[in-house]
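Structural description and commentary
Spelled out from the first residue to the last, the chains are:
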Amino acid sequence: MNNMEEITIHTQEINLDQLLKWAGIVETGGQAKSLVADGLITINGALITERRKRVRPGDILAIKGIGRYKIVQE
(Lines give C-alpha, C1' and ligand atoms only; values in the text may rest on other atoms or scores of the structure.)
Protein backbone atom coordinates (compact mmCIF):
# COMPACT_ATOMS: atom_id res chain seq x y z
CA MET A 1 0.00 0.00 0.00
CA ASN A 2 1.29 3.45 -0.82
CA ASN A 3 2.26 5.92 1.86
CA MET A 4 -0.35 8.33 3.12
CA GLU A 5 0.35 12.05 2.94
CA GLU A 6 -1.22 14.63 5.21
CA ILE A 7 -3.18 17.64 4.02
CA THR A 8 -3.42 20.37 6.65
CA ILE A 9 -6.51 22.55 6.68
CA HIS A 10 -7.14 25.64 8.81
CA THR A 11 -10.90 25.21 9.25
CA GLN A 12 -13.32 22.68 10.79
CA GLU A 13 -14.34 21.51 7.32
CA ILE A 14 -13.76 22.29 3.65
CA ASN A 15 -15.47 21.39 0.38
CA LEU A 16 -13.79 18.54 -1.47
CA ASP A 17 -13.20 20.60 -4.63
CA GLN A 18 -11.61 23.41 -2.59
CA LEU A 19 -9.45 20.88 -0.74
CA LEU A 20 -8.16 19.35 -3.97
CA LYS A 21 -7.16 22.80 -5.23
CA TRP A 22 -5.69 23.83 -1.84
CA ALA A 23 -3.51 20.69 -1.79
CA GLY A 24 -2.37 21.19 -5.38
CA ILE A 25 -3.88 17.89 -6.52
CA VAL A 26 -5.91 19.69 -9.20
CA GLU A 27 -5.62 23.16 -10.69
CA THR A 28 -9.30 23.79 -11.44
CA GLY A 29 -12.75 22.95 -10.16
CA GLY A 30 -13.39 21.23 -13.49
CA GLN A 31 -10.57 18.78 -12.84
CA ALA A 32 -12.01 18.06 -9.39
CA LYS A 33 -15.44 17.51 -10.96
CA SER A 34 -13.93 15.03 -13.44
CA LEU A 35 -12.25 13.00 -10.68
CA VAL A 36 -15.58 12.76 -8.85
CA ALA A 37 -17.57 12.01 -12.03
CA ASP A 38 -15.13 9.24 -12.98
CA GLY A 39 -15.62 7.57 -9.58
CA LEU A 40 -11.98 7.95 -8.56
CA ILE A 41 -12.45 9.47 -5.09
CA THR A 42 -13.36 7.84 -1.81
CA ILE A 43 -13.51 9.37 1.66
CA ASN A 44 -13.25 6.91 4.55
CA GLY A 45 -13.87 4.13 2.04
CA ALA A 46 -17.13 5.59 0.67
CA LEU A 47 -17.37 6.50 -3.01
CA ILE A 48 -17.89 10.25 -3.43
CA THR A 49 -20.44 11.48 -5.96
CA GLU A 50 -20.50 15.22 -5.18
CA ARG A 51 -17.56 17.58 -5.51
CA ARG A 52 -18.88 19.84 -2.76
CA LYS A 53 -18.76 17.01 -0.20
CA ARG A 54 -17.62 18.36 3.17
CA VAL A 55 -14.24 17.04 4.30
CA ARG A 56 -13.18 17.20 7.95
CA PRO A 57 -9.99 16.56 9.94
CA GLY A 58 -9.50 12.84 10.47
CA ASP A 59 -11.02 11.91 7.10
CA ILE A 60 -9.04 9.64 4.79
CA LEU A 61 -9.18 10.78 1.16
CA ALA A 62 -8.16 8.28 -1.52
CA ILE A 63 -7.85 9.15 -5.20
CA LYS A 64 -7.33 6.18 -7.51
CA GLY A 65 -4.05 6.49 -9.37
CA ILE A 66 -2.97 9.58 -7.39
CA GLY A 67 -2.67 8.82 -3.69
CA ARG A 68 -4.06 8.59 -0.18
CA TYR A 69 -4.30 11.55 2.16
CA LYS A 70 -5.22 12.08 5.80
CA ILE A 71 -6.88 15.41 6.54
CA VAL A 72 -5.47 17.14 9.61
CA GLN A 73 -6.27 20.47 11.22
CA GLU A 74 -3.54 22.97 11.98
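Structure's up top.
So, here's what we can say about the structure. (Residues numbered from 1 in each chain as written. Predicted model: local features only at pLDDT ≥ 70, side-chain atom pairs only at ≥ 80, totals over all residues. Heavy atoms only, no water.)

1. Remarks on the pattern of salt bridges
Note the cut-off: Note on definitions: salt bridges are taken to be side-chain nitrogens of Lys or Arg within 4 Å of carboxyl oxygens of Asp or Glu. To qualify as a helix, a DSSP run of H or I must reach at least 4 residues; to qualify as a strand, a run of E must reach at least 2; elements of each kind are numbered from the N terminus. In this scheme, a residue with accessible area under 20% of its type's maximum is buried, one over 50% is exposed, and one in between is partly exposed, where area comes from a 1.4 Å probe on protein chains only.
Here the structure, examined in full by the defined rule, presents 4 salt bridges. Two residues, Asp17 and Arg51, come together in a salt bridge whose shortest N-O distance is 3.5 Å. Pair noted here: Asp17 is in helix α1 (residues 16-22) and Arg51 is in the loop between β4 (46-47) and β5 (54-55), with a separation of 34 residues, a long-range link. We classify Asp17 as buried; its relative accessible area is 4%.

2. With respect to the environment of Leu19
Keep this limit in mind: Should any heavy atoms of two residues lie within 4.5 Å, those residues are considered in contact.
Mapping Leu19 onto the fold places it in helix α1. In this structure the C-alpha to C-alpha distance between Leu19 and Lys53, which are 34 residues apart in sequence, comes to 10 Å. When neighbours within four sequence positions are excluded, Leu19 is seen to be in contact with Ile7, Ile9, Ile14, Val55, Leu61 and Ile71.

3. Re the sheet that holds strand β1 (residues 4-9)
The test is simple: Pairing between two strands is assigned when DSSP locates at least 2 bridges connecting them.
Reading across from one edge, β1-β7-β6-β3-β4 is the order of the 5 strands in this open sheet, with mixed pairing throughout. In this open sheet, the two strands that pair with only one neighbour each are β1 and β4. Relative to strand β7 (residues 67-73), β1 runs parallel, the two sharing 6 bridges. Of the residues in β7, the one forming a bridge with Glu5 is Tyr69.

4. Describing the side chain of Asn15
Counted only if it meets this: Contacts described as polar in this section are N or O atom pairs within 3.5 Å, which, within protein, must combine one atom able to donate a hydrogen with one able to accept it, while residues neighboring in sequence count only if both atoms come from side chains.
Here Asn15 lies in strand β2 (residues 14-15). Its relative accessible area of 12% is what places Asn15 among the buried residues. Side chain to side chain, Asn15 and Arg54 meet in a polar contact 2.3 Å long. Setting aside residues up to four positions removed in sequence, Asn15 forms contacts with Arg51, Arg52, Lys53 and Arg54.

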